[in-house]
Amino acid sequence: MEKNKNQKKLNQSFYIENYGCQMNLSDSEIVISILSNDGFVLSNNLEKADIILFNSCSIREKAELTLKKRLEQLQFLKKKKKTLFGVIGCLSKKIINFLIEEKKIDFFVNPNSYKKISDFIRYAMDGKKSLHLNHQKNETYSDIQPFYLNQKKVTTFLSITRGCDNMCTFCIVPFTRGRERSSSPYSIIEQCKHLYQNGYKEITLLGQNVDSYRWSKGFITIGFSELLNLLALEIPSMRIRFSTSNPHDMSDKVLEIISKHPNICKHIHLPVQSGSNKILRLMNRKYTREKYLSLVNRIRTIIPECSISHDIMTGFCNEEEKDHQDTIDLMNKIQYNYGYMFSYSPRPGTYAYRNLQDNVPKDVKKKRLKEIIDLQRNHSSFRMKEYLGKVQEILIEGESKKNCQYWYGRNTQNLVVVFPKQSYKIGDFTHIQITETTSATLIGKIYRDVKK
Ligand code: 5AD
Ligand code: SF4
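Residues numbered from 1 in each chain as written. Chains lettered and ligands numbered in written order. Predicted model: local features only at pLDDT ≥ 70, side-chain atom pairs only at ≥ 80, totals over all residues. Heavy atoms only, no water.

1. Concerning the overall build of the protein chain
- Assigned secondary structure in the protein chain consists of 14 helices and 20 strands.
- Taken against the 2.2 N^0.38 rule, which gives 22 Å for 452 residues, the C-alpha radius of gyration of the protein chain at 23 Å falls within 12% of a compact globule.
- In the protein chain, once contacts between residues fewer than 6 apart in sequence are set aside, the share between residues at least 24 apart is 72%.
- Computing the positive centroid from 71 side-chain charges and the negative centroid from 47, the protein chain places the two 3 Å apart. (Helix = DSSP H or I, 4+ residues; strand = E, 2+ residues; numbered from the N terminus. Rg over C-alpha atoms; globule rule 2.2 N^0.38 Å. Contact = heavy atoms within 4.5 Å. Lys, Arg positive; Asp, Glu negative; His and termini not counted. Charge placed at Lys NZ, Arg CZ, Asp CG, Glu CD.)

Structure (structure tokens):
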């Protein structure tokens, strides 16, 4: 209590920038809530704020470079105004030590210690290095009501698990976010209901591996399928999405629940990383290409209308041309709706960084990445054309960026749909008949009104 009073007196303003994934953005909403409760004031003016928080991520080298560049760009504020710079999010110790030592930032708070962020700020204000405060290990933040940044109140995100136990050899997440733990189903259901009552129409449940969601008390154990079932029944008019699914853990029970409930969206993000068994083994992904292909078959049998997206990484250690061709072959077999593609960058602290050689030349990585991006574009175009003439239920999220005369929304498969504005407003559901497609967008016209 005493601390809160002190902070209220300080009345410091803070500005927050986000670079990382959706989970990071969702964490920003928790951090804003904690800081506001401690008497800090959210500012939308970067240059006037007393504190700038950079919510960043070093899962891939590119994000880390973006952060370094941005810190460089803004150093003038430190000099001119003595603005405090704090980094939060998923960063390796190596980069944080470097940034602190080079005096580019004043403090760092890892994703397990956000409840103590005000202490970190106070230490930094006193000119102390706050890097060594004890970090919590099991934080879930399920007792914090996030400050929702999407003020249009249509769609938002909620973390249901934090951390990851999978130890993929290329991945920094288990080191930056810690062991996996799940929020209580009661707090998840309560937060979703609260969101629905406040006008939200769609929630995306987040976790590094949502399928391993598991919460137990006494004789009761709730897994991901039970959680989905409970949520779908409790809030039948709210769209429910989730990400990310791990091919190793996804069960038929989950697929059946998705198929059973109209309000659970028919889209699965199913990172494969590689189509080669040799590379999957080196990555410590706990499935084979055969198991992955069989899972995709089961998804398509149980939920025929389901869209599937992927993450693929090219140029991992020891990847030869034939491994790359296995990935191309797997992509051709599945013809994903869309995907995210990266080339491998070694991350300090990971198993691969310590034990495997980053031996695929840069130009080969680049060439392979281009090949899979081009191939995915063809597959996306093909998949989008399957919607021509079909009628889709769309949740309107806003104005199309390219043409303010058009609305923008998404169908249950998470595909972007644009259509000429008529009487609707953001947050409405409507039915759209698809008349044109590109590789990334469905274009259509209003089919008929749906009251929701
Ligand atoms: N290099 C490149 N891509 C990576 N990813 C994770 N770690 C790395 C890395 N070291 C990609 C994976 C993952 C996505 C979130 O980021 O494809 O699924
Ligand atoms: Fe990283 Fe693998 Fe966990 Fe995903 S499942 S966060 S890639 S360790």
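What follows picks up the thread again.
2. Examining unusual backbone geometry
- Put simply, S243 and T244 share a cis peptide bond, and its omega is 15°.
- Following the sequence through the fold, T244 ends up in the loop between strand 12 (239-243) and helix 9 (252-260).
- Positive phi values are uncommon outside glycine, yet Q335 reaches one of about 50°.
- Along the chain, Q335 turns up in the loop between helix 12 (321-334) and strand 15 (338-343).

3. Quick look at the nonpolar core
- Core analysis: the largest hydrophobic core is formed by 51 residues, its most contacted members being L205, F224, L228, F242, I258 and I268.
- If you tally residues by element for this core, the top one is helix 8 (residues 224-234), at five residues.
- With residues up to four places along the chain from it excluded, the contact list for F224 reads I160, L205, V210, D211, Y213, F242 and V254.
- With 21 residues, the next largest nonpolar core counts V31, I34, Y114 and A124 among its residues. (Core = buried A, V, L, I, M, F, W, Y, C linked by side-chain atoms within 4.5 Å. Buried < 20%, exposed > 50% of the residue type's maximum accessible area, 1.4 Å probe, protein only.)

4. Here we look at a nonpolar patch on the surface
- A cluster of nonpolar side chains, namely L25, L42, F147 and L149, defines an oily patch on the protein surface of about 270 Å² accessible area.
- Along the chain, the position of L149 falls in the loop between helix 5 (117-125) and strand 6 (155-159).
- The exposure class assigned to L149 is partly exposed, which follows from its relative accessible area of 33%. (Patch = residues over 30% accessible without salt bridge, like charges linked within 9 Å, V, L, I, M, F, W, Y side chains within 5 Å. Areas by Shrake-Rupley, 256 points an atom, 1.4 Å probe, with all protein chains shown as cover. Salt bridge = Lys/Arg side-chain N within 4 Å of Asp/Glu carboxyl O.)

5. A closer look at the side chain of D38
- Relative to the helices and strands, D38 resides in the loop between helix 2 (22-37) and strand 2 (41-42).
- A distance of 2.4 Å separates a polar atom in the side chain of D38 from a polar atom in the side chain of S118. (Polar contact = N/O pair within 3.5 Å; in protein donor to acceptor, adjacent residues only side chain to side chain.)

6. As for the environment of G398
- With respect to the helices and strands, G398 occurs in strand 16 (residues 391-399).
- Expressed as a C-alpha distance, the spacing of G398 and L53, which sit 345 residues apart in the sequence, is 28 Å.

7. A short note on the sheet that holds strand 9 (residues 202-206)
- The three strands lie next to each other as 6-9-12, forming an open sheet whose pairing is parallel. The two strands at the open ends of the sheet, each matched to only one other strand, are strand 6 and strand 12. Each strand of the sheet is rotated relative to its neighbour by a mean of 25°, with strand direction disregarded.
- Bridge count for strand 9 against strand 12 is five bridges, and the pairing is parallel. For L206, the partnering residue across the bridge sits in strand 12 and is S243.
- Set on the sheet, helix 2 makes contact with strand 6 and strand 9; between it and strand 6 the angle comes to about 90°. (Pairing = 2+ DSSP bridges. Axes fitted to C-alpha atoms, helices over the stretch in contact; angles between N-to-C directions.)

8. With respect to the state of the cysteines
- Counted under the stated rule, the structure contains zero disulfides.
- Here C306 stays free of any disulfide, with the sulfur of C265 as its closest cysteine sulfur at 9.9 Å.
- With no disulfide partner, C317 has as its closest neighbouring cysteine sulfur the one in C168, 13 Å distant.
- C317 gets classed as buried once you look at its relative accessible area, which sits at 0%. (Disulfide = S-S within 2.5 Å.)

9. What about the sheet that holds strand 14 (residues 307-314)?
- If you trace the three strands from one edge of the open sheet to the other, you get 13-14-15, paired in parallel fashion. Of all strands in the sheet, those with a lone pairing partner are strand 13 (267-269) and strand 15, marking the two edges. When strand polarity is set aside, the average angle formed by the axes of neighbouring strands in this sheet is 10°.
- With six bridges joining them, strand 14 and strand 15 adopt parallel strand pairing.

10. Structural notes on the site of ligand 1
- Close to ligand 1 lie I59, R60, F170, Q273, D311, M313, F342, S343, Y344, S345 and R347, which account for all nearby residues.
- In the environment of ligand 1, an oxygen atom lies 2.7 Å from a nitrogen or oxygen atom belonging to the side chain of Q273.
- Between ligand 1 and S345, the relevant distance is 2.8 Å, taken from a nitrogen atom to a main-chain nitrogen or oxygen of the residue.
- For ligand 1, the accessible surface in isolation is 400 Å², of which the surrounding protein chains cover 89%.
- Elements represented by at least two residues in the shell around ligand 1 include exactly strand 14 and strand 15.
- Considering only residue class, the shell around ligand 1 consists of five nonpolar, three polar and three charged. (Near = heavy atom within 4 Å. Nonpolar A, V, L, I, M, F, W, Y, C, P; charged D, E, K, R; others polar.)

Limitation: the analysis is restricted to geometry and does not speak to function.
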